[in-house]
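Given next are the chains, with one letter for each unit.
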Amino acid sequence: MIVDLHNHTPLCNHAEGSMDEYVKSAIKRGTKVFGFADHAPMDFDPQYRMKFEEMHKYEQDVLAIKEKYKDSITILLGYEVDYLQEHMDKRVLNAAVDYLIGSVHFINEWGFDNPEFIGRYKDEDINEIWQKYFDTIEAMANSKLFDIVGHLDLIKVFKFMPTKDIKSIAKNALLAIKKADMVLELNVAGYRKPIAEAYPSKELLQEAFKLDIAITFSSDAHKPEQVGLYDKEIVELAKEVGYKECAYFKNRKKKFLKF
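Residues numbered from 1 in each chain as written. Predicted model: local features only at pLDDT ≥ 70, side-chain atom pairs only at ≥ 80, totals over all residues. Heavy atoms only, no water.

Asks: I'm lost on the pattern of salt bridges in this one. Help?
Replies: A complete count under the given rule lists 15 salt bridges for this structure. For Asp231, the salt bridge goes to Arg29, with nearest N and O atoms at 3.6 Å. Of this pair, Asp231 sits in helix α7 (residues 231-241) while Arg29 sits in helix α1 (residues 19-29), placing them 202 residues apart in sequence. Among the ionic pairs, Glu240 bridges to Lys202, the shortest N-O distance being 3.2 Å. In this pair, Glu240 is assigned in helix α7 and Lys202 in helix α6 (residues 202-210), connecting sequence segments 38 residues apart. When salt bridges with common partners are traced through the structure, they connect Asp45, Arg49 and Asp82 into a single cluster. (Salt bridge = Lys/Arg side-chain N within 4 Å of Asp/Glu carboxyl O. Helix = DSSP H or I, 4+ residues; strand = E, 2+ residues; numbered from the N terminus.)

Here you go:
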């Protein structure tokens, strides 16, 4: 992956390894642009994200790493922000960063991708869950608060698949992403999960390509050894669909690199 924009740090309480280790892994993989986008603080689900009082340290640490490795790799500063109404904070949304990733990890405050709460699936209508998820992605895009869509079809993580056509379920969300001029990340974390494929699926990526939605690449690494894993697979997927360039951001401004 020439660009890798979604990576975590121990501040989120469920990642491990130093920033140096992540960056060294990226350099070994041949990455040119590497971004830290750790879980932003929020007054909800605090055990899986940094605290508000840690924002300054996080930002300063990333800037220090950026300077340290400036001759070897471009380091970018971002946050992964949960799109959750009434819980997002202006201190995060207005932060002086290169980009913000908007992600959906909750449906009505249910952490559907957390193994702790997997039992709830048996009590839900799977088609309704998928539609609610993509309706929330659509609302996130319509908010125009974010630059990148995190793991577009995360709802498939445990391989509970709908019986309805997925392209139809996701159609309005993709149209909203296009209208908001957001970038879609190709996230390899799905290869490490029960679904065992990238986010998004090839099927949805083809729909995004038809709409001329730009892409970027992400390891979504929570350990240094996850940086760049499945890079050949994800780049090949992008090329098969027809993509030839990927996006990154500096100071919230979109730029492109050919791959």
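Right, picking up where we left off after that structure.
Asks: In this structure, what is going on with unusual backbone geometry? I would like to understand it.
Replies: Glycine aside, residues mostly have negative phi, and peptide bonds are mostly found in the trans state. The omega torsion across Tyr199 and Pro200 is -5°, close enough to zero to call that bond cis. Structurally, the position occupied by Pro200 is in the loop between β6 (183-187) and α6. With a phi angle near 75°, Glu86 is a residue other than glycine that sits in the positive phi range. Not every positive phi belongs to a glycine, and Asn108 is a case in point at roughly 50°. Structurally, the position occupied by Asn108 is in the loop between β4 (99-103) and α4 (126-143).

Asks: Please clarify how the pairing of β4 should be interpreted in this entry.
Replies: In the case of a regular strand, side chains alternate between the two sheet surfaces. Summarising burial for β4: five of the five residues are buried, a large majority. A two-sided burial pattern is seen for β4, the buried positions comprising Tyr99, Ile101 and Ser103 on one face and Leu100 and Gly102 on the other. Relative to β4, strand β3 (residues 74-82) runs parallel, the two being bridged by five bridges. Across the sheet, residue Tyr79 finds its bridge partner in β4, namely Leu100. Alignment of β4 against strand β5 (residues 148-149), held across two bridges, turns out to be parallel. By the bridge assignment for β5, Gly102 is matched with Val149. (Buried < 20%, exposed > 50% of the residue type's maximum accessible area, 1.4 Å probe, protein only. Pairing = 2+ DSSP bridges.)

Asks: Would you explain helix α5 (residues 166-179) in this entry?
Replies: For an α-helix, 3.6 residues make a turn, and residues three or four places apart therefore share a direction. With 14 residues, α5 should cover 20 Å at 1.5 Å per step; its first-to-last C-alpha distance of 20 Å lies within 8% of that length. Buried within α5 we find Ile166, Ile169, Ala170, Ala173, Leu174, Ala176 and Ile177. Those residues of α5 hidden inside the fold are in contact with α4, β5 and α6. Among the residues trailing α5, Asp181 stands out with phi positive, at a value near 60°. (Expected span 1.5 Å × (residues − 1). Contact = heavy atoms within 4.5 Å.)

Asks: It is not clear to me how the environment of Ala96 should be interpreted in this structure. Could you clarify?
Replies: Along the polypeptide, Ala96 turns up in the loop between α3 (90-93) and β4. Judged by its relative accessible area of 70%, Ala96 is exposed. With 24 residues separating them along the chain, Ala96 and Arg120 place their C-alpha atoms 38 Å apart.

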